[in-house]
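# Results of the structural survey
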Amino acid sequence: MDNNYKIYLVEDEKNLAEVIKAYMEKEGWDVTIFLDGKEAHDSINKPPHLWVLDIMLPGMDGYQLLKAIKADQDTPVIFISARDKDLDRVLGLELGSDDYLAKPFMPEELVIRAKKLLKRVYQTEVQEHKKIELNGYTIDTNSRTVHDYEELVELTTKEMDLIILLTSNVGNALSREDIIEYVWGSDYFGSERAVDDVVRRVRKKLPRVHVETLYGYGYRVLSS
């Protein structure tokens, strides 16, 4: 995919939104600003390539909007907030956000994070088209889908990244640091508990994938 990404920016501080939009448009991205959560919610059925959500919004807050987005699609989401950083990061990850940035931040940092996330999710043409068959599941690394026999399993972006990493390394021990590097990127500074949370969700959604806990180290997937 080229760089003509469509971005939905949901931010009620109009001046900040305009500044962020200007920086993103320098990357060639098509940016739509929503100053109200309800207005943004009305556009969920016309999904972008990336959502950037503030938490404190009129009409509908960022948590409600994130739930609605992830219930309908697997579009990546970056959460931004000026509130309790740790609480918002944990809650955001729990609800399926793909990255978190605390205010105040430099617009350049948001652009860098967005570029890395967009590249990881969409630039799959350079990756080998690979289908992994495991215990009745088919993991397609190109289309980023998982099927339980014929039924599609709905996964968030982070859950998909994790299952692709683990099932591409069946039998190999992966440290939490390895997983963070692949799933969140090298600039992630949050808690390693985020790994455990995504593993827990994957186990619930894909119960026949045997994800073994290596206490004090990380995880690995067993072949049967």
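Conventions and cut-offs
Residues numbered from 1 in each chain as written. Predicted model: local features only at pLDDT ≥ 70, side-chain atom pairs only at ≥ 80, totals over all residues. Heavy atoms only, no water. Helix = DSSP H or I, 4+ residues; strand = E, 2+ residues; numbered from the N terminus. Buried < 20%, exposed > 50% of the residue type's maximum accessible area, 1.4 Å probe, protein only. Contact = heavy atoms within 4.5 Å. Areas by Shrake-Rupley, 256 points an atom, 1.4 Å probe, with all protein chains shown as cover. Core = buried A, V, L, I, M, F, W, Y, C linked by side-chain atoms within 4.5 Å. Polar contact = N/O pair within 3.5 Å; in protein donor to acceptor, adjacent residues only side chain to side chain. Salt bridge = Lys/Arg side-chain N within 4 Å of Asp/Glu carboxyl O. Pairing = 2+ DSSP bridges. Axes fitted to C-alpha atoms, helices over the stretch in contact; angles between N-to-C directions. Right-handed = clockwise from strand over helix to strand, strands pointing away.

Within the protein, the secondary structure is distributed over eight helices and 12 strands. Counting every position in the protein, which comprises 224 residues, the buried fraction comes to 50%. A fraction of 59% describes how many contacts in the protein between residues 6 or more apart in sequence connect residues 24 or more apart. For the protein, the exposed surface amounts to about 11000 Å²; the carbon and sulfur share of it is 50%.

Counting 29 residues, the largest nonpolar core has Val146, Leu162, Ile163, Ile179, Trp184, Leu206 and Val209 as the members making the most contacts within it. Looking at this core, the elements that each hand over two or more residues are β6 (131–134), β7 (137–140), α6 (157–167), α7 (176–183), α8 (193–205) and β12 (218–221). Of all the elements, α6 adds the most residues to this core, at six residues. Core analysis: the next-biggest nonpolar cluster, separate from the first, contains 21 residues, Ile7, Met24, Leu50 and Ala114 among them.

This paragraph deals with the side chain of Glu11. Position of Glu11 among the secondary structure elements: in the loop between β1 (6–10) and α1 (14–25). Of the polar contacts made by the side chain of Glu11, one reaches the backbone nitrogen of Glu13; its length is 2.8 Å. Only 2.9 Å separates the side chain of Glu11 from the side chain of Lys103, close enough to count as a polar contact. Those residues within four positions of Glu11 in sequence are excluded, and the remaining contacts are Leu16, Ala17, Phe34, Leu35, Asp54, Leu57, Ile80 and Lys103.

Where charged atoms of side chains with opposite charge meet at close range, the side chains can pair. Using the criterion set out here, one finds 16 salt bridges in the structure. Of the charged contacts in the structure, one is a salt bridge between Asp99 and Arg113, with a shortest N-O distance of 2.9 Å. Of this pair, Asp99 sits in strand β5 (residues 99–102) while Arg113 is found in helix α5 (residues 107–122), placing the two residues 14 residues apart along the sequence. The partner of Arg200 in a salt bridge is Asp197, and the shortest N-O contact between them spans 2.4 Å. Of this pair, Arg200 and Asp197 both sit in helix α8, three residues apart, roughly one helical turn. One continuous salt-bridge network, built from bridges that share partners, spans Glu159, Asp197, Arg200, Arg201 and Lys205.

With that out of the way, let us pick up unusual backbone geometry. Cis rather than trans, the peptide bond between Lys103 and Pro104 has omega equal to -5°. Its location among the elements puts Pro104 in the loop between β5 and α5. The backbone of Asn135 shows a phi angle near 50°, a positive value even though the residue is not glycine. Positive phi outside glycine occurs at Tyr149, with the angle close to 55°. Counting through the fold element by element, Tyr149 comes out in the loop between β8 (145–148) and β9 (151–153). On the basis of relative accessible area, Tyr149 is assigned to the exposed category, the value being 58%.

Moving on, we come to the environment of Leu101. In this fold, Leu101 is placed in strand β5. When its relative accessible area of 4% is taken as the criterion, Leu101 is described as buried. Discounting residues that sit within four places of it in the chain, Leu101 has contacts with Phe79, Ile80, Ser81, Glu109, Leu110 and Arg113.

Quick look at the sheet that holds β7 now. Taken in spatial order, the four strands of this open sheet run β6-β7-β8-β9, and their pairing is antiparallel. At either margin of the open sheet sits one strand with a lone partner, and together these are β6 and β9. Strand-to-strand twist of the sheet, defined as the mean angle between neighbouring strand axes without regard to direction, takes the value 25°. Of the strand pairs in this sheet, β8 and β9 are connected by three bridges, and their pairing is antiparallel.

Now for the pairing of strand β2 (residues 30–34). Strand residues, when the strand is regular, have side chains that alternate between the two faces of the sheet. Of the strand pairs in this sheet, β1 and β2 are connected by five bridges, and their pairing is parallel. By the bridge assignment, Ile7 is partnered in β2 with Val31. Crossover handedness for the path β1 to α1 to β2: right-handed.

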